Amino acid sequence: MTWKNLALRLGAGLVLVTGGAASAQQVPEDKYYAEKVLAEGEGWQLKNISGYAVDDDGRYYSQDIYNIKSTAREAFYQLPLHPYLQEELSASAAESQDETIFVLDKKIVDEIALSYEKGELTEALKAIAEPADETSPTGVHKMGPFGSCSDQTFSRSKSFNLNTPISTSHNFGSGFSGTLSATGNINGSATGEVVLKVKRHKIFWVCVPYGVNFQHARAWGNVSVGNGSQVNGTLSYNWSWSGQIAKPSLGSLNFFIGPVPVHIGFNLPINLGLEVAASVTGTVNYNGNQTATGAFDYTCTLSSCGGWANYNLGTNSLQPLTGSVSGRIQPTVWVQVAVRAYLYSEWLAYAQVGVRPYLYGDLWGYYGNACGDADGNGINETVSALTFNLDWRLFVTAQASAFGGNPRQWNNLWSTPRRHIRFWDLINGGSSAIRPILGGPASTNVNTSTGYTAKMRPCWPYGDNVNYRFNWGDSTLSNVSGAPQTATAAGKAWSSSGAKTVQLTAMSDSWGRQLNATTSRSVQVNGSTGTWTGWFNRDLPGGNGDYETLSDLIAGGYQVCSNPIGVECQTASGAPYTSTGEVYSCTLAGGTCTNSQQPDGICQDYRVRFLCP
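The structure displayed is predicted, hence computed values, not measured ones.

Enquirer: What is the right way to read the pairing of strand β3 (residues 60–69) from this model?
Expert: The two faces of the sheet receive side chains in turn, since in a regular strand these alternate between them. For strand β2 (residues 44–52) and β3, the ladder comprises nine bridges, and the chain directions are antiparallel. Bridge pairing in β3 links N48 to D64. When β3 meets strand β4 (residues 101–105), the two strands line up antiparallel, connected through five bridges. The partner of N67 across the bridge, within β4, is V103.

Enquirer: Just checking my understanding: could you explain the pattern of salt bridges for this structure?
Expert: When charged atoms on two side chains of opposite charge get close, those side chains can pair. For the structure shown, the criterion picks out 19 salt bridges. When the shortest N-O distance is used, the salt bridge between R513 and D464 registers 2.8 Å. A residue pair is termed long-range when its members are at least 10 positions apart, and R513 in the loop between β28 (498–509) and β29 (514–526) and D464 in the loop between β24 (450–455) and β25 (466–471) qualify at 49 residues.

Enquirer: What should I look at first to understand the packing of aromatic side chains in this one?
Expert: Remark: the centre distance and the inter-plane angle together describe each pair of aromatic rings, the angle taken between the planes. Enumeration according to the criterion identifies 27 aromatic pairs in this entry. On the numbers, 5.4 Å between centres and 75 degrees between planes, the contact of Y358 with F395 is edge-to-face. Here the residue Y358 occupies a position in strand β18 (residues 349–368), and F395 occupies one in strand β19 (residues 383–402), the gap between them amounting to 37 residues. Given the relative accessible area of 10%, Y358 is considered buried. A relative accessible area of 10% places F395 in the buried class. Three or more aromatic residues joined by ring pairs make a cluster, and in this case those are Y84, Y116, F146 and F204. Over the face of the ring belonging to W535 we find R607, whose NZ or CZ atom lies 4.7 Å from the ring centre.

Enquirer: Help me understand the sheet that holds strand β31 (residues 545–549) in this model?
Expert: Within a sheet, adjacent strands bond to each other through the backbone by hydrogen bonds, running parallel or antiparallel. With respect to topology, three strands assemble into an open sheet ordered β31-β34-β33, the strand pairing being antiparallel. Each of the sheet's edge strands pairs with one partner strand only, and the pair in question is β31 and β33 (585–587). Each strand of the sheet is rotated relative to its neighbour by a mean of 10 degrees, with strand direction disregarded. As paired strands, β33 and strand β34 (residues 590–594) are joined by three bridges and run antiparallel to one another.

Enquirer: What am I meant to see in the layout of surface pockets here?
Expert: Rolled over the atoms, a probe with the dimensions of a water molecule shows which regions are left empty. Size it by volume and the second largest pocket reaches roughly 230 Å³. Contributions of two or more residues to the lining of the second largest pocket are made by β26 (477–482) and β27 (488–492). With three residues, the top contributor of residues to the lining of the second largest pocket is β26. Of the residues that constitute the lining of the second largest pocket, the class distribution is six nonpolar, seven polar and one charged.

Enquirer: Quick question: what am I supposed to make of the pairing of strand β1 (residues 33–41) here?
Expert: Strand direction decides the pairing type here: β1 and β2, joined by eight bridges, are antiparallel. Bridging across to β2, K36 finds its partner in N48.

Enquirer: What's the story with helix α4 (residues 106–118) in this structure? I'm lost.
Expert: The α-helix winds at 3.6 residues per turn, so residues separated by three or four positions along the chain end up facing the same way. Between its first and last C-alpha, α4 extends 18 Å over 13 residues, near the 18 Å set by a 1.5 Å rise per residue. Buried residues of α4: I108, V109, E111, I112, S115 and Y116, and no others. Looking straight down α4, one finds that the buried residues subtend no more than 155 degrees of arc, so they occupy a single side. Buried residues belonging to α4 abut β3, α3 (83–95), β4, α5 (123–128), β8 (176–203) and β9 (206–235). With a side-chain oxygen positioned 3.0 Å from the backbone nitrogen of K107, the residue opening α4 is D105.

Enquirer: Can you walk me through the state of the cysteines in this structure?
Expert: Defined simply, a disulfide is a covalent bond joining two cysteines at their sulfur atoms. On inspection of all chains with the given rule, the structure shows six disulfides. Across the disulfide from C371 sits C459; the S-S distance is 1.8 Å. Taking the sign of the S-S torsion, about -85 degrees here, the bridge from C371 to C459 comes out left-handed. You can see C371 sitting in the loop between β18 and β19 and its partner C459 sitting in the loop between β24 and β25, a full 88 residues away along the chain. The buried category is assigned to C371, whose relative accessible area is 0%. Taking the relative accessible area as the measure of exposure, C459 reaches 16% and is therefore buried. Between the sulfur of C569 and that of C586 lies a disulfide, 2.0 Å long from S to S. Because the sign of the S-S torsion sets the handedness, a value of about 85 degrees for the bond joining C569 and C586 places this disulfide among the right-handed ones. Note that C569 is positioned in strand β32 (residues 566–571) and C586 in strand β33, a separation of 17 residues in sequence.

Rules used in this analysis
Residues numbered from 1 in each chain as written. Predicted model: local features only at pLDDT ≥ 70, side-chain atom pairs only at ≥ 80, totals over all residues. Heavy atoms only, no water. Pairing = 2+ DSSP bridges. Helix = DSSP H or I, 4+ residues; strand = E, 2+ residues; numbered from the N terminus. Salt bridge = Lys/Arg side-chain N within 4 Å of Asp/Glu carboxyl O. Phe/Tyr/Trp six-rings, centres within 6.5 Å; stacked < 30°, edge-to-face > 60°. Buried < 20%, exposed > 50% of the residue type's maximum accessible area, 1.4 Å probe, protein only. Lys NZ or Arg CZ within 6 Å of the ring centre and 35° of its normal. Axes fitted to C-alpha atoms, helices over the stretch in contact; angles between N-to-C directions. 1 Å grid on protein atoms, 1.4 Å probe; cavity = no way out; pocket = protein on both sides within 12 Å on 5 of 7 lines; lining within 4 Å. Points joined across faces, edges and corners; volume = space filled by probe spheres on them. Nonpolar A, V, L, I, M, F, W, Y, C, P; charged D, E, K, R; others polar. Expected span 1.5 Å × (residues − 1). Arc of directions from axis to C-beta. Contact = heavy atoms within 4.5 Å. Polar contact = N/O pair within 3.5 Å; in protein donor to acceptor, adjacent residues only side chain to side chain. Disulfide = S-S within 2.5 Å.

In C-alpha cells form, the structure reads like this:
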C-alpha cells in the first residue's frame, strides 16, 4: 500500500467518522466542545464528546471515547478491549513514572477487536492504518504481525495576553467578624502548552492509532500581579479562609490527532486567602498594596513539577489603619493567579502554575505596668503601645488533578525570602512601651568608667537584634547592638562633675523596623580627690569566666580599699571593655564576665582598677 493510498483512505475515514467541515467563524464558542457521560466505573468513564475542530479544518464530530486513569490498571481489564490492547495499556501504565490519563476512541478499539476476530483488517482500520515501525519497540507482542507500535508525541500551545481585573469583597462571621476586600489587576503575556502521545497498536503488520495519553502541561511567560487588600474586622482566635474568586477563560484548542478529536482548554483561576493568628480578642483594619513582577517557566505532569522563576515586588502604597488590641493579631493576605491547562475537561486532567504574593501584617498592642522599669527608679512605668508591621513574600505554586480527585499541590516551587516593607508606630506621640530599658547606677564619680546597659522591655514582641545609641549628656555618643531581651553593655567615664542627662535610644532593629524611641534619666557625677590603685588581673577566662571582683581581691590579699568610689575595666591589653562586644559587668563590686553569655563561648582576659578615697 502506497503512502498516497494511505492518505486518501485516512481522509475518507475521517470524513465518515466526523462528518463534514464547518468554518470556525460559523460556530459559537460555547459549541466548540461538549461531553456527556454514558457509563463509568472505578478509574474509567465512557463519554460521548462532540464539537467542532475549529483549530483544524472545522469539522464537526460526535464520538464515544474511554477515559482511563493509569493508576487504575484493573480498569483496562474491565472494559471490552481486546486482550492484546489490555496488556499493552497495562504495560504502558506500569512503565510510566508519572500518573497519566488514557483517552481511547471506542469505535477504533471495537474495530481492532473485530479485526482480530475476522483475521483481517476491517475497512475502517484500513482507512487509518499507518506503516509499521522499521524497528519494533520494546513491548507486548513485539514480534510478528501483532504488538505495539511506537508512541508519537504531539504538542499544541496557545499564547494569550493577560489584562484581568481583581475585585472582590467577602463578609465573614464566627472567628472573624469582618470583611476582606481585594482589588488589583493581572497584566502580562503567557503561553500554555499541552504535550500528548498518540497510542498505536500493531495489527496485521500495520500501526493503527487508537487513542492519546496526557504527558505534561507547560506554562511560561511574564506576568505582573497587582494586589490591594483591606482587612477590617474583629477576631478572637486563629482563623483562615481561602477561595476562588474568579476563573476567566483564556480560550481553547480543538483539533484532531489522527482519528481522535482533542479539546484542550486554558483558564486563569484567581484565588484569595486570609490567615489570622490571634492571641487575644481585638479589631484590625489595614490597607496594603503590592505588585509582583517577573517571569516563570514550569512543566508539570500530574505527579510532579519543575522549572524556574524570577520575581520581585515593586513599589507599594500603604495606609494602615487599626482599631484596638491588647496583645497581638497577625493577619496574612495572599492572592494567587495561575495559568491552568486541561485536557477535555478540568475533571479529567489539568495542571497549573501560579504566582502567590503574601502580605504579612502584625498588629501589636499593650497597656499596663508589667513591662519593666526603663529609667531605673525602681518603679515599673505604666506604658502603652500600638504598632503595625508589614512584610511580604512571594511563592510560585503548582497544582494538578486527574479524574476529579483531590489535587496535588506544590505550594513552594520557588520563593523569595521574607522581606520587610514598613513598621508604623500608631500612637500619637509614640508608643511608650517601645522605649528601651536603661540600666546602670544613678551616680558615679568623675573620671571613673561606669557600666550602663541597654535592652528592650519584656513585652516587646520581636526577636531581632536592636541597634541602640547612648547620648551621655556631654556631647559624646556610643552605639551598641544586641538581642532585644539581653542587656547590652556600654561604659562611660565623665571628665566633669554634675548632673548628666543620659539618653538611650532604640534606633532600629536588624529586620528594618525604624523605632527611634528614647528613654532618659539623670546620672549624678561626683567630684573626687581619691587615688587609683594599680591594675589587678587575678583571674583568667577559664572555667566559668573571668572574675576580677573586689571581694576576691580583698580575700586574696591584694592592696585595695574596701569602699572604692570609682572603678575602671579593660582587657589585659588595655582595650576598653565596651569595645569588645562581650557581655561584661563593670561596677564598684568589680568586673565579671561569664563564658556562657558570650557569642563564641569564652571571655577575653580582663583587668580592673579602683579609685579609693
